[in-house]
Amino acid sequence: MKRRKLLMIPGPIEFEPSVLRAMGAQTTSHVAADFIEIFGSSLEMMRKVFLAGSGQPFIVSGSGTLAMEIAIANLVEPGDRALVLVTGYFGDRFAEIIERYGAEVDRIKAPLGYSVELEDIERKLKSNRYKLVTVTQVDTSTGIAVDVRHLGNLAHKYGAMVVLDGVCSVAGEELRQEEWNIDLVLTASQKAISVPPGLALLMAGPRAIDAWKFRKTPVLNYYADFTNWLPVMEAYEARKPSYFATPAINLVGALNESLKLILDEGMDARFTRHRLLRDGMQDAIKALGLKQVPVRRDFTATTLSAIYYPDGIDGQKLLAKINSEGIIFAGGLHPEIKNRYFRIGHMGPFSPGEIIYAISAMESALVECGYKFDVGIGLTAAERTFINSHH
Ligand SMILES: *Cc1c(COP(=O)(O)O)cnc(C)c1O
């Protein structure tokens, strides 16, 4: 019997043993030749993972929220106007950060369980001049994935940049930053990037770099300022020592290892695997007769599932039973429905085997909680999906 439990929450996630080993290496100097190589090659690999050949990568110590703040601090000036697309909790966080930096915010708030519509976005873009549009590709509080393929071109038509919160999507959900004209993408290490928490990662496209370069006012946050970070990133990539603030050396070592594993799998294969895990989970949820937060498959995230507790079932009891089966799921996060649903993270190194295990634990806990269904019906549905994917 394993002593540790399988962590299936929407971040942090399960990490590969080689990533954890890299993290445990003896700490070296931030200007040692071997660390410069690790930092420099990590920056290069980030471009391939974000599919942003002409992007400028940044690796900074901090969590995803800092990555959001770095983006906004550098791109927004007091008096600017931003359009924030809200599909859950993290959209509202973006709005708060933008307001803190002195810009005006308009929101398009999707009804709970739905994504935002391009027509609504275009109507807003016509009515006002926005410097930027922000979007949460996958909102971790709802499991809604916004289709961002056409958002970049639409925003550019009206002179606005697109800033994408990819904390719960980069390296899991399909995202092609350059092809889709997304001006800045940000993420954090502990989600689909598959590295323990502590790194804020950003990829700024040419428009975002220009917007920062041609600011009229200074960046209102010293630690976040690209002015401090850009020379450091450029130096490491040129394999030269540099310093602004001490990097998280061990985490960068782990990042280097994880980016290698991600690129070994290949981005297309990785997107396909995440879609398959999502579909297996979705088919099981449907077969079990459970309701979930996203109302349609086409905007259901591939990186997590958000499922309502069945009527009359005690959610705390259900999660405790699943925990005793050896798996940790997450409770709710969205303030409107916080105690009515739970979340299963399935991003990063997972395979169909873990999804089957999760469904089995869920079925077992549902039986104990008194939910009526044909035992095994969820498992069969998921297994069928996984088997069919081989043909
Ligand atoms: C987790 C998450 C964040 C916040 O990241 P932290 O590392 O917790 O600060 C922001 N946006 C999204 C979409 C997330 O999933």
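Everything below is about the structure shown above.
Participant: Got a minute to help me understand the packing of helix α2 (residues 33-50) against helix α8 (residues 226-237) in this structure?
Facilitator: To describe two helices that pack against each other, one gives the angle between their axes and the distance between the axes. Direction vectors running N to C along α2 and α8 enclose 105°, while the axes themselves pass 8 Å from each other. Of the possible angle classes, the one that applies to α2 and α8 is roughly perpendicular. In this structure, α2 uses Phe35, Ile36, Phe39, Gly40, Leu43, Glu44 and Arg47 to contact α8, whose residues at the interface are Met233, Tyr236 and Glu237. For the contact of α2 with α8, the per-class residue count stands at 6 nonpolar, 1 polar and 3 charged.

Participant: Mind showing me how you'd approach the environment of Ala254 here?
Facilitator: Note that Ala254 resides in helix α9 (residues 249-265). On the accessibility criterion, Ala254 (0% relative accessible area) is buried. For Ala254 and Gln137, which are 117 residues apart along the polypeptide, the C-alpha to C-alpha distance reads 25 Å. In this view, Ala254 contacts Val19, Ala22, Met23 and Val195; residues no more than four positions away in its chain are not counted.

Participant: For this particular structure, what's the right way to read the side chain of Thr87?
Facilitator: Within the secondary structure, Thr87 sits in the loop between β3 (81-86) and α4 (89-100). Aside from chain neighbours lying at most four places away, what touches Thr87 is Ala110, Tyr114, Ser115, Val116, Thr136, Asp139, Thr142, Ile144 and Val146.

Participant: Looking at this structure, how should I read the nonpolar core?
Facilitator: Burial of nonpolar side chains together is a common tendency in soluble globular proteins. Ranked by size, the top nonpolar core spans 105 residues in total, and within it Leu184 and Leu186 carry the most contacts. Within the second largest apolar cluster, 31 residues are counted, among which are Leu290, Leu318, Ile322 and Ala361.

Participant: Looking at this structure, I do not really get the site of the ligand. What am I missing?
Facilitator: For the ligand, the set of nearby residues contains 13 residues, the closest of which are Ser63, Thr65, Thr140, Asp165 and Lys191. Residue Ser63 places a side-chain N or O atom 2.6 Å away from an oxygen atom belonging to the ligand. Bound to the protein, the ligand loses 89% of the 380 Å² it would expose on its own. Among the residues making up the shell around the ligand, the classes are represented as 5 nonpolar, 6 polar and 2 charged.

How each quantity is defined
- Residues numbered from 1 in each chain as written.
- Predicted model: local features only at pLDDT ≥ 70, side-chain atom pairs only at ≥ 80, totals over all residues.
- Heavy atoms only, no water.
- Axes fitted to C-alpha atoms, helices over the stretch in contact; angles between N-to-C directions.
- Helix = DSSP H or I, 4+ residues; strand = E, 2+ residues; numbered from the N terminus.
- Parallel < 35°, antiparallel > 145°, perpendicular 65-115°, else oblique.
- Contact = heavy atoms within 4.5 Å.
- Nonpolar A, V, L, I, M, F, W, Y, C, P; charged D, E, K, R; others polar.
- Buried < 20%, exposed > 50% of the residue type's maximum accessible area, 1.4 Å probe, protein only.
- Core = buried A, V, L, I, M, F, W, Y, C linked by side-chain atoms within 4.5 Å.
- Near = heavy atom within 4 Å.
- Polar contact = N/O pair within 3.5 Å; in protein donor to acceptor, adjacent residues only side chain to side chain.
- Areas by Shrake-Rupley, 256 points an atom, 1.4 Å probe, with all protein chains shown as cover.

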